[in-house]
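Chain by chain, the residues:
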Amino acid sequence: MNNNKIWLSSPHMGGKERDFVTEAFDTNWVAPLGPNVNGFEQDIAAYLKEDVHVAALSSGTSAIHLALILLGVGQGDEVLCQTMTFSASANPIVYQGATPVFIDSETTTWNMCPVHLEEAIKDRIAKGNKPKAIVAVHLYGMPYQVDKISAISEKYNIPIIEDSAEALGSSYKGVKCGTFGAISILSFNGNKIITTSGGGALVAKDKAIRDKAIFLATQARDNAPHYQHSHIGYNYRLSNISAGIGRGQMIVLDDHIELRVGMNTFYKELFKAVKGVRVFKEPTEDYSSNHWLSCILIDEKSAGFSAETLRLLLEEANIESRPLWKPMHLQPIFEKAPYYGDTVSEQLFKTGLCLPSGSNLSDLDRLRISKVIHNLSL
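The structure presented is a predicted model; accordingly, all values stated were derived computationally and were not measured. (Residues numbered from 1 in each chain as written. Predicted model: local features only at pLDDT ≥ 70, side-chain atom pairs only at ≥ 80, totals over all residues. Heavy atoms only, no water.)

Q: I'm lost on the pattern of salt bridges in this one. Help?
A: Once their charged atoms are close, side chains differing in charge can pair, the charge on each being opposite to the other. Per the stated rule, a full pass over the model turns up 15 salt bridges. With a closest N to O distance of 2.8 Å, Lys-155 and Glu-118 form a salt bridge. Within this pair, whereas Lys-155 is found in helix H6 (residues 146-156), its partner Glu-118 is found in helix H5 (residues 114-126), the two being separated by 37 residues in sequence. The salt bridge partner of Glu-308 is Arg-311, with a shortest N-O separation of 2.8 Å. With Glu-308 and Arg-311 both in helix H11 (residues 307-316), this residue pair falls 3 residues apart, about one helical turn. Arg-311 gets classed as buried once you look at its relative accessible area, which sits at 17%. Where salt bridges share partners, they join Glu-41, Lys-207, Arg-210, Asp-211 and Arg-237 into one cluster. (Salt bridge = Lys/Arg side-chain N within 4 Å of Asp/Glu carboxyl O. Helix = DSSP H or I, 4+ residues; strand = E, 2+ residues; numbered from the N terminus. Buried < 20%, exposed > 50% of the residue type's maximum accessible area, 1.4 Å probe, protein only.)

Put into structure tokens, the structure is as follows:
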């Protein structure tokens, strides 16, 4: 049997990407502007459908950073942030000299817990420092509890930065993720559901916010014949070459989602008869996940094996899997940051595993994964 590496989530080209890139070379549009950048932004906006405006950027991290700047977050401020996430959701808060205040997960979507969020807001206000923003994440493509989080945002007038880095194509009550925040962000890193090699986007309902983001992302150069700068700027714009890859990827986005949903179905069938293993899935019909990554929780006592045991067995078979995100409040760099919650995110980290989920996995790949699971459950 072929023993090539099975990756967690590898890039998957659709075939048209090369055409857009070749056109960029042929027309000498190799700078961080050009027809592909404009076209990619229009493609994303059309896909999201909610009358939004898109700025294509160099990464999802840069999009979060600009979102914080645009919402006025600065030195000494506090920003509420989901603890169960990748560090890129929290690091830009520190770039601004602000303090992240971490919020535990709830058990249905694994995302920010509305109860602990409101608890944190009340307590931070009582301490004299009302938070400036909320960074809410759609973890592994699963939408957070949009209605509840949005209601708290409106009640306390604290804007949401919607981290949809993992959730392009997911939706809540029929509305696409990436359109719920005051400002939303996307990621096109190499492991995402579509990729531009490296890249991201900022999404705003207000065109003025999008235009300000582009201004800041292109070194904040004033409108003058000479180089003049009245604001600190950043080199955060996506290149026309990378945007060409993105335009080709948008053509196959829905196909990629269908294939990843198929992988989630595969795992639900695979683990159906395995005691103590639960595959992460939508809690109700209101939620539609792109299943960027399919994840499982393992009750070691019932299953007879742990998440780490399974990870190591998969590794022996040259199959990549990874623990769930280690919560930010448990990270050495953030150990002194405020935290509100119980131990939900900690338990998810201890008992969870992300499994190979790419849209380019083959029947042979699924057979190899199945073999490890069947041998484990014998």
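What follows picks up the thread again.
Q: Explain the packing of aromatic side chains to me, please; I cannot follow it from the model alone.
A: The way to describe two aromatic rings as a pair is by their centre distance and the angle between their planes. If you walk through the whole model with that rule in mind, you get 12 aromatic pairs. Geometrically, the ring pair formed by Trp-110 and Tyr-140 is edge-to-face, given 6.4 Å between the ring centres and 90° between the ring planes. Of this pair, Trp-110 sits in the loop between strand S3 (99-103) and H5 while Tyr-140 sits in the loop between strand S4 (133-137) and H6, and the two are 30 residues apart along the sequence. Of the residues examined, Trp-110 reaches a relative accessible area of 0% and is grouped as buried. Considering the side-chain rings of Trp-110 and Phe-280, the 3.7 Å spacing of their centres and the 5° angle between planes classify their relative orientation as stacked. Taken together, the residues Trp-110 in the loop between S3 and H5 and Phe-280 in the loop between strand S10 (277-279) and strand S11 (287-288) connect sequence positions 170 residues apart. (Phe/Tyr/Trp six-rings, centres within 6.5 Å; stacked < 30°, edge-to-face > 60°.)

Q: Is there a simple way to explain the pairing of strand S1 (residues 53-57) in this structure?
A: Consecutive residues of a regular strand have side chains that alternate between opposite faces of the sheet. S1 sits mainly inside the fold: 4 of its 5 residues count as buried. For S1 and strand S9 (residues 200-204), the ladder comprises 5 bridges, and the chain directions are antiparallel. Its bridge partner being in S9, His-53 is matched across the sheet by Ala-204. (Pairing = 2+ DSSP bridges.)

Q: In this structure, what is going on with the packing of helix H2 (residues 35-48) against helix H8 (residues 240-251)? I would like to understand it.
A: The axes of two packed helices give the description: the angle between them and the distance between them. For the pair H2 and H8, interaxial distance at closest approach is 8 Å and the crossing angle is 35°. The crossing of H2 and H8 is left-handed. Judged by residue contacts, Pro-35, Asn-36, Val-37, Gly-39, Phe-40, Asp-43, Ile-44 and Tyr-47 of H2 engage Asn-240, Ala-243, Gly-244, Gly-246, Arg-247 and Met-250 from H8. Tallied by class, the residues present in the contact of H2 with H8 amount to 7 nonpolar, 5 polar and 2 charged. (Axes fitted to C-alpha atoms, helices over the stretch in contact; angles between N-to-C directions. Left-handed = near helix turned anticlockwise from the far one by under 90°. Contact = heavy atoms within 4.5 Å. Nonpolar A, V, L, I, M, F, W, Y, C, P; charged D, E, K, R; others polar.)

Q: Is there a simple way to think about unusual backbone geometry in this case?
A: Most peptide bonds are trans, and most residues other than glycine sit at a negative phi. For Asn-28, which is not a glycine, the phi torsion comes out positive at approximately 65°. Here Trp-110, not a glycine, exhibits a phi torsion of approximately 70°, which is positive.

Q: I tried to follow the side chain of Gln-145 on my own but got confused; where do I start?
A: Tracing the backbone shows Gln-145 in the loop between S4 and H6. Setting aside residues no more than four positions away along its own chain, Gln-145 makes contact with Glu-106, Thr-108, Thr-109, Pro-114 and Tyr-287.

Q: What is the right way to look at the packing of H5 against H6 in this model?
A: Running from amino to carboxyl end, H5 crosses H6 at an angle of 15°, the nearest separation of the two axes being 9 Å. Relative to H6, H5 is oriented roughly parallel. Where H5 crosses over H6, the two elements pack in a sense that is right-handed. Contact residues: H5 offers Pro-114, Leu-117, Glu-118, Ile-121, Lys-122 and Ile-125, while H6 offers Lys-148, Ile-149, Ile-152, Lys-155 and Tyr-156. Class assignment for the residues of the contact of H5 with H6 results in 7 nonpolar, no polar and 4 charged. (Parallel < 35°, antiparallel > 145°, perpendicular 65-115°, else oblique.)

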